[in-house]
Amino acid sequence: MKYKRSDFPEGFQFAAATSSYQIEGHGFGGAGLTHWDSFAATPGNVVRGEHGQTACDHYHRMEEDLDLCQALGLDAYRFSTSWARVLPEGRGQVNQEGLDFYDRLVDGCLARGLNPMCTLYHWELPAALADEGGWRNADIGNWFADFTETIMSRIGDRVFSVAPINEPWCVSWLSHFEGHHAPGLRDIRATARAMHHVLVAHGRAIEVMRGLGVKNLGAVLNFEYAFAGDDTPEARQSAERYDAIYNQFFLGGIFNKSYPPLVLEGLEEHLPANWEKDFDTIAAPLDWVGVNYYTCKRIVPADTGWPSLTDVPGPLQKTQMDWEVYPEGLHHFLNLVHQANGKNLPIYVTESGMAQAVEPGAADIQRTDYIDAHLGQTLRAIDEGLPVKGFTYWSVFDNYEWALGYEKRFGLVHVDFDTLERAPKASYHALAAALAK
Ligand code: IFM
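Structural notes, computed from the coordinates. (Residues numbered from 1 in each chain as written. Predicted model: local features only at pLDDT ≥ 70, side-chain atom pairs only at ≥ 80, totals over all residues. Heavy atoms only, no water.)

Turning to the overall build of the protein, a few remarks are in order. Scanning the protein from N- to C-terminus turns up 15 helices and eleven strands. Relative to the 2.2 N^0.38 estimate, which gives 22 Å for 437 residues, the radius of gyration of the protein is 20 Å and therefore close to what a compact globule would have. Projected onto the principal axes, the alpha-carbon positions of the protein cover approximately 55 × 50 × 45 Å. Counting the 437 residues in the protein, one finds 63% classified as buried. Across the protein, contacts joining residues at least 24 apart in sequence account for 77% of those joining residues at least 6 apart. Seen as two clouds, the 35 positive and the 58 negative side-chain charges of the protein have centres 3 Å apart. (Helix = DSSP H or I, 4+ residues; strand = E, 2+ residues; numbered from the N terminus. Rg over C-alpha atoms; globule rule 2.2 N^0.38 Å. Buried < 20%, exposed > 50% of the residue type's maximum accessible area, 1.4 Å probe, protein only. Contact = heavy atoms within 4.5 Å. Lys, Arg positive; Asp, Glu negative; His and termini not counted. Charge placed at Lys NZ, Arg CZ, Asp CG, Glu CD.)

Dropping the structure here:
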């Protein structure tokens, strides 16, 4: 690799990430059903109907998996807790086995010198709460606050950092407007409510954790660079609208107590009553901000209702996801987030990575190039004075890529989904060499 640990400031955190449903195996340890189980069981939603019941069986192989993170030379491990593993019905009865699992996970990180970076929710909503409307139901802020209290009362004293919700855009827009993720809705009213409630839930969780004395609380947002797909004013306006929905809405709520006018023009009439009154909760002060960044999109107008846009293919190199590789976008969003928070908050790249089908032992050059290019843009921002404090690769392991099942391989470690055998790829070894102290 081109870059190495010594190119970065002292204390910079090199991390890698996973999430609960994507690796643990939700069939184990008394976890309750989630909306991903029923979404995956519905024909046509997920490639080959694949689901997370076994996934990487991290539930039983956690020690071996943390050993791999340690041997890679990481400073931190970013994981998530499953709401349905801790509270199988979403509320009420606690699954002690689930709490014990996350307790062992945090201690396992600490024993290996890995800072535990925790995300409370990475998309596996308990099915019982989905039955009650899930993210559309205004009560979800309180349900999520109770879950936060339960899990953080157990592990909150030992985690390095916590973010309540991974990628609010995916939880709301992708899942309620585009219908690509659970619960698979395509409904503008549901979308507006989910977008707002996800931010209220974020704020309530921060409030609860401050009360418990949990330290180092942040938000993890995802971003996609929006190019105009052609040289017309209409394409430029469409790209601005896409940018407002994807990149500005959640930042606006959290740091500016407002939503962008370009989003309100389509969503305002569908928001819950008195939505402005929730901004004090939503904008609870934070200690850091996380940027998840993978790619760019080329946006053109579409002859549909609001937001009247679609995307077209671009010319850059693509990954197995068919996503263009545009590292400069990361630099753009580090700057955007820096300006938006206005408080010089520490920024972490909490996810960046690429999928490519690579067998163990084979060269993995596109992945190491991708990491190098995104580390380069991170370093560029640091050199310009931005307080970027860490970089997290997605993901440690090949895992369940949601509606695309198990074939999209983001891992530094290859997983054979028949035998569940782990095998570090060439990129794992290259990164280990770059991180060696
Ligand atoms: O696998 C996902 C992850 O769950 C959230 N961020 C993007 C990754 C790649 O699509």
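Back to the write-up after that little detour.
The relative placement of two packed helices is expressed as an angle between their axes plus a distance between the axes. Packing of helix H3 (residues 58–72) against helix H15 (residues 426–435) brings their axes to within 8 Å, and their N-to-C directions diverge by 50°. Taken together, the axes of H3 and H15 lie oblique to each other. Between H3 and H15, the contacting residues are Leu68, Ala71 and Leu72 on the first element and Tyr428, Leu431, Ala432 and Leu435 on the second. Along the lines of polarity and charge, the residues of the contact of H3 with H15 split into seven nonpolar, no polar and no charged. (Axes fitted to C-alpha atoms, helices over the stretch in contact; angles between N-to-C directions. Parallel < 35°, antiparallel > 145°, perpendicular 65-115°, else oblique. Nonpolar A, V, L, I, M, F, W, Y, C, P; charged D, E, K, R; others polar.)

Further remarks concern the site of the ligand. Around the ligand, a shell composed of Gln22, His122, Trp123, Asn166, Glu167, Tyr294, Trp323, Glu351, Trp394, Glu401, Trp402 and Phe410 is seen. Within the side chain of Trp394, an N or O atom sits 3.3 Å from an oxygen atom of the ligand. Glu401 places a polar side-chain atom, nitrogen or oxygen, 2.6 Å from an oxygen atom of the ligand. Relative to its unbound accessible area of 280 Å², the ligand is 95% covered by the protein chains. (Near = heavy atom within 4 Å. Polar contact = N/O pair within 3.5 Å; in protein donor to acceptor, adjacent residues only side chain to side chain. Areas by Shrake-Rupley, 256 points an atom, 1.4 Å probe, with all protein chains shown as cover.)

Another point: the pairing of strand E1 (residues 13–17). Of all five residues making up E1, five are buried, and the element is well covered by its neighbours. As paired elements, E1 and strand E9 (residues 388–394) share five bridges and run parallel to each other. Looking at E9, one finds that Ala15 is bridged to Thr392. Across three bridges, E1 lies against strand E2 (residues 76–80) in parallel orientation. Residue pairing for E2: Ala15 is matched across the bridge by Ala76. (Pairing = 2+ DSSP bridges.)

Take it as geometry only, folks, not as evidence of what the structure does.
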